[in-house]
Amino acid sequence: MVAGGAARRLGGVLKPALPVGGRPLVARVLDAAVAASPRIVVGPPALAPVLPPGVRLVQEQPPGGGPVAGLAAGVRLVPPGVRLVAVLSADLPFLTPTVLSDLAAALADGGDVAVLLDESGHPQWLCSVWRRTTLVERLAAGSARDVPMRELVRNLAVRRVAVDGPGPPPWFDCDTEEDVRRAEEMLHDSR
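Residues numbered from 1 in each chain as written. Predicted model: local features only at pLDDT ≥ 70, side-chain atom pairs only at ≥ 80, totals over all residues. Heavy atoms only, no water.

### A short note on the overall build of the protein
As a reminder of what qualifies: A run of H or I in DSSP counts as a helix once it spans at least four residues, and a run of E counts as a strand once it spans at least two, with each numbered from the N terminus. Here's how the labels work: a residue is buried when its accessible area is under 20% of the maximum for its type, exposed when over 50%, partly exposed in between, all with a 1.4 Å probe on protein chains only. The contact criterion used is simple: two residues touch if any of their non-hydrogen atoms lie within 4.5 Å. Only the protein chains shown count as covering a residue, and every accessible area follows the Shrake-Rupley method with a 1.4 Å probe.
When you go through the protein residue by residue, the secondary structure sums to six helices and eight strands. Each helix and strand of the protein, placed in order from N terminus to C terminus, yields the pattern β-β-α-β-β-α-β-α-β-β-α-α-β-α. Put simply, the protein has 191 residues, and 47% of those count as buried. For the protein, the proportion of contacts with a sequence separation of at least 24, taken over those separated by at least 6, is 63%. Of the roughly 9500 Å² that the protein leaves accessible, carbon and sulfur atoms contribute 52%.

Following this line, the structure appears as structure tokens:
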């Protein structure tokens with residue numbers, strides 16, 4: 001999970017530690033990935049106090065190098081025997097284990113990466129499941145600093161997954177104070 005952004009639109013706060021429904025954003029995303037092993041968060045050392053036991057914390061080098069640099073740091077800790085890797089942003093308060101299962105299932109008949117689509121049909125690359133071998137190959141192919149995610153997936157076999165269902169949308173992310181407020185409202189309304 002990548003959690004190392006600067007949160008400029010939130011005044012530079014430690015965004016993954018912001019509470020939604022009384023729990024840090026990063027903890028909510030880790031709940032969705034409860035079946036994953038290992039669970040790895042790429043972010044600053046200040047996140048350590050809000051991470052559950054057993055979650056590994058690593059920081060990309062240099063810090064602030066972007067999500068692809070974060071993936072490069074995190075994937076180094078994934079054992080070679082792991083077939084699939086979930087690539088997640090730490091600010092998705094409504095992500096569920098079911099969504100991650102749906103993404104993994106989309107790769108059952110082939111493909112390199114499965115990505116969640118938002119309500120407009122746009123891929124949310126920081127909510128995807130990759131074949132580990134593909135991710136490792138792509139990250140080894142060049143410099144990871146400041147590379148956009150869309151470059152990482154160029155010419156891959158991508159499975160696009162749309163999710164319909166009750167409750168708040170799993171692709172909703174919290175980038176601003178207004179987003180955090182809306183997330184609290186959606187959480188309250190879904191109870």
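Having seen it, we continue.
### What to know about the pairing of strand 7 (residues 123–131)
In regular strands, side chains alternate between the two faces of the sheet. Note the threshold: The pairing criterion for strands is at least two bridges between them, as found by DSSP.
Where strand 5 (residues 84–88) meets strand 7, five bridges bridge the pair, whose relative direction is antiparallel. Its bridge partner being in strand 7, leucine 88 is matched across the sheet by cysteine 127. In terms of strand pairing, strand 6 (residues 113–117) meets strand 7 through five bridges, oriented antiparallel. If you follow valine 115 over to strand 7, its bridge partner there is serine 128. Connecting the antiparallel pair strand 6 and strand 7 is a turn made up of five residues, with glycine 121 showing a positive phi of about 85°.

### Some points on the nonpolar core
Using the following cut-off: By convention a nonpolar core is built from buried Ala, Val, Leu, Ile, Met, Phe, Trp, Tyr and Cys residues, the set being connected through side-chain atoms within 4.5 Å.
Core analysis: the largest hydrophobic core is formed by 19 residues, its most contacted members being Trp130, Leu135, Leu139, Met149 and Leu152. At the level of secondary structure, the elements contributing two or more residues to this core comprise helix 2 (67–75), strand 5, strand 6, strand 7, helix 4 (132–140) and helix 5 (149–152). Leave out the neighbours within four places in its chain, and leucine 152 touches Val68, Leu71, Trp130, Leu135, Arg138 and Leu139. Ranked by size, the runner-up nonpolar core spans 18 residues in total, among them Val29, Leu95, Leu103 and Leu107.

### Some thoughts on the pattern of salt bridges
The cut-off we apply is this: Any carboxyl oxygen of Asp or Glu within 4 Å of a side-chain nitrogen of Lys or Arg constitutes a salt bridge here.
Applying the stated criterion to the full structure yields seven salt bridges. Across the salt bridge formed by lysine 15 and aspartate 91, the nearest N and O atoms sit 2.8 Å from each other. Separated by 76 residues along the polypeptide, lysine 15 in the segment before strand 1 (19–20) and aspartate 91 in the loop between strand 5 and helix 3 (97–105) bring together distant segments of the chain. The two residues lysine 15 and aspartate 91 agree in class, both being buried. Put simply, aspartate 31 and arginine 23 hold a salt bridge, and the shortest N to O gap is 2.2 Å. Residue aspartate 31 is classed as partly exposed on the basis of its relative accessible area of 38%. Connected through shared salt-bridge partners, Lys15, Asp91 and Asp175 make up one network.

### Focus: the sheet that holds strand 5
Worth spelling out the cut-off: Helix axes are fitted only over the stretch in contact, all axes being lines through C-alpha atoms; the angle between N-to-C directions runs from 0 to 180 degrees.
Spatially, four strands are ordered 5-7-6-8 in an open sheet, and the strand pairing comes out mixed. Where the open sheet ends on each side, the last strands, each with one partner, are strand 5 and strand 8 (158–161). Strand-to-strand twist across the sheet, computed as the mean angle between neighbouring axes with direction ignored, equals 25°. The strands touched by helix 4 are strand 5 and strand 7; relative to strand 7, the strand with the most contacts, the crossing angle is about 110°.

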